[in-house]
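Overview (structure and organization)
Take a look at the letters that make up each chain.
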Amino acid sequence: MTTSKTLYATILGGILLASGLPNVYAHSVDYRDAHRKGLDITMEMDSAHNRHRNEQRKGPVIARARHSEYEKHGNSRYVEQPKVLPMFSLDTDYDQVEFFRGSYTSITPFTIGTAGKYEFSLTDLSFPNDLKDLGAAITTSGNKLGQLLGTGNMIFDAQPGKYFLSIFADTLRSCDLGQFGLNLHALSGTPNTPSAVPVPGALWLFGSGLLGLAGMVRRKS
């Protein structure tokens with residue numbers, strides 16, 4: 001009797017075990033897949049963390065580079081490289097009006113063909129607020145002829161040659177709009193037009209005397 005019960009239990013256990021193997025295998029496969037997916041998710045999280053950490057490391061480097069630029073230019077805002085405008089010849093008056101946002105810097109080469117006195121004027125045209133900074137200078141490659149800070153004008157002597165007009169302007173805030181105008185001209189009119197030389201009054205008297213003397217000689221003859 002005991003042997004029969006043992007045999008029956010063994011057979012029943014074997015049937016139950018055999019019927020449960022697919023479920024156990026399926027659970028094992030699901031666990032392996034979940035484990036693999038978990039590893040993939042973990043690797044993605046690690047990769048994102050590494051990218052974030054690299055960006056954090058680059059942040060101070062970029063900040064230090066910008067701070068270095070600020071210290072180099074002596075300004076709380078980054079100053080871009082100045083624009084180099086086309087060269088012009090000061091044979092006639094030169095006018096320029098610029099409309100910009102934030103900061104403006106430019107260098108304009110120009111030539112003068114006749115020695116003389118020249119006048120340069122600079123005007124702040126911004127509204128409703130004036131510009132924070134506005135200035136200009138006229139130079140050669142190694143000498144400064146004059147400069148202006150803010151609205152005003154200056155007179156300078158120049159010889160024939162090449163010169164440079166440098167301008168900088170800055171608004172109160174980087175998002176503000178600014179505007180300025182300038183004029184450059186010769187004081188004695190057009191440089192290439194020579195002025196008329198007056199005839200002395202004594203020359204006219206001398207000519208009149210000669211004509212009168214010629215008339216008297218004709219009458220006597």
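1. Considering the overall build of the protein
- Per the secondary structure count, the protein includes 2 helices and 10 strands.
- Moving toward the C terminus, one meets the helices and strands of the protein in the order α-β-β-β-β-β-β-β-β-β-β-α.
- Evaluated residue by residue, the protein yields a buried proportion of 24% over its 221 residues.
- For the protein, the proportion of contacts with a sequence separation of at least 24, taken over those separated by at least 6, is 72%.
- In the structure as shown, the protein presents an accessible area of about 16000 Å², 60% of it carried by carbon and sulfur atoms.

2. Quick look at unusual backbone geometry
- F127 connects to P128 through a cis peptide bond whose omega is 0°.
- Within the element layout of this structure, P128 appears in the loop between strand 5 (116-124) and strand 6 (133-139).

3. Notes on the environment of L187
- Relative to the assigned elements, L187 resides in the loop between strand 10 (177-186) and helix 2 (201-220).
- For the pair L187 and I155, spaced 32 residues apart in the sequence, the C-alpha separation amounts to 8.6 Å.

4. Some thoughts on the pattern of salt bridges
- A complete count under the given rule lists 2 salt bridges for this structure.
- Two residues, D157 and K117, come together in a salt bridge whose shortest N-O distance is 2.9 Å. With D157 in strand 8 (residues 152-158) and K117 in strand 5, this residue pair connects regions lying 40 residues apart in the sequence.
- Accessibility expressed as a relative area gives 52% for D157, which makes it exposed.
- Among the salt bridges present, the one from D176 reaches R173, with a minimum N-O distance of 3.0 Å.
- When its relative accessible area of 51% is taken as the criterion, R173 is described as exposed.

5. Some remarks on the environment of L131
- Structurally, L131 is set in the loop between strand 5 and strand 6.
- For L131 and S103, which are 28 residues apart along the polypeptide, the C-alpha to C-alpha distance reads 9.9 Å.
- Apart from the residues within four sequence positions on either side, L131 is in contact with F100, D124, S126, A169, D170, T171, G178, Q179 and F180.

6. Digging into the sheet that holds strand 5
- If you trace the 4 strands from one edge of the open sheet to the other, you get 3-10-5-8, paired in antiparallel fashion. One side of each edge strand has no neighbouring strand; the edge strands of this open sheet are strand 3 (94-101) and strand 8. Put simply, the sheet's adjacent strands are angled 15° from each other on average, direction ignored.
- Looking at chain direction, strand 5 and strand 8 are connected through 7 bridges and run antiparallel. What sits directly across from Y118, in strand 8, is F156.

7. Things to note about the nonpolar core
- Residues F110, F120, F180 and L184 are the most contacted members of the largest nonpolar core, which totals 27 residues.
- Of all the secondary structure elements, the ones that give two or more residues to this core are strand 3, strand 4 (103-112), strand 5, strand 6, strand 8, strand 9 (161-170) and strand 10.
- What L184 contacts, discounting residues up to four positions off in sequence, is F88, L90, T92, D93, Y94, F110, E119, F120, I138 and F156.

8. Details of the pairing of strand 4
- Inspection of the sheet shows strand 1 (residues 83-84) paired to strand 4 by 2 bridges, in the parallel sense. Bridging from a neighbouring strand, V84 pairs with I107 of strand 4.
- Across 2 bridges, the pairing between strand 2 (residues 88-89) and strand 4 is parallel. Paired with S89 across the strands is T111, a residue of strand 4.
- Bridge count for strand 4 against strand 9 is 10 bridges, and the pairing is antiparallel. For I112, the partnering residue across the bridge sits in strand 9 and is G161.

9. What to know about the confidence of the model for the protein
- Chain-level statistics for the protein give a pLDDT mean of 76 and a share of 51% at 70 or above.
- Scored below 50 in pLDDT, residues 190-195 shows 8 contacts in the model against residues more than four places distant or in partner chains.

Thresholds applied
- Residue positions are given per chain, counting from 1 as you read along its sequence in written order.
- Reporting in this predicted model follows two pLDDT cut-offs: at least 70 for local features of residues, and 80 or more for side-chain atom pairs to be given and counted; totals over whole chains, interfaces and linings ignore these cut-offs and use all residues.
- The basis for every side-chain value is the complete set of heavy atoms in the structure, and neither hydrogens nor water enter the calculation.
- Helix and strand assignments follow DSSP, with helices taken as H or I runs no shorter than four residues and strands as E runs no shorter than two, numbered in order from the N terminus.
- Only protein chains enter the area calculation, which uses a 1.4 Å probe; residues under 20% of their type maximum are buried, those over 50% are exposed, and those in between are partly exposed.
- Whether two residues are in contact is decided by their heavy atoms, any of which lying within 4.5 Å being enough.
- Reported accessibility uses the Shrake-Rupley method at a 1.4 Å probe radius. Residues are deemed covered only where the shown protein chains occlude them.
- Counted as salt bridges are all cases of a side-chain nitrogen of Lys or Arg within 4 Å of a carboxyl oxygen of Asp or Glu.
- In short, DSSP must find at least two bridges between two strands for them to pair.
- Whenever a helix is involved, its axis is fitted only over the stretch in contact; in every case the axis is a line through C-alpha atoms, and angles between N-to-C directions fall within 0 to 180 degrees.
- Each nonpolar core is a collection of buried residues, namely Ala, Val, Leu, Ile, Met, Phe, Trp, Tyr and Cys, held together in the definition by side-chain atoms within 4.5 Å.
- pLDDT runs from 0 to 100 and stands for how confident the predictor is about each residue.

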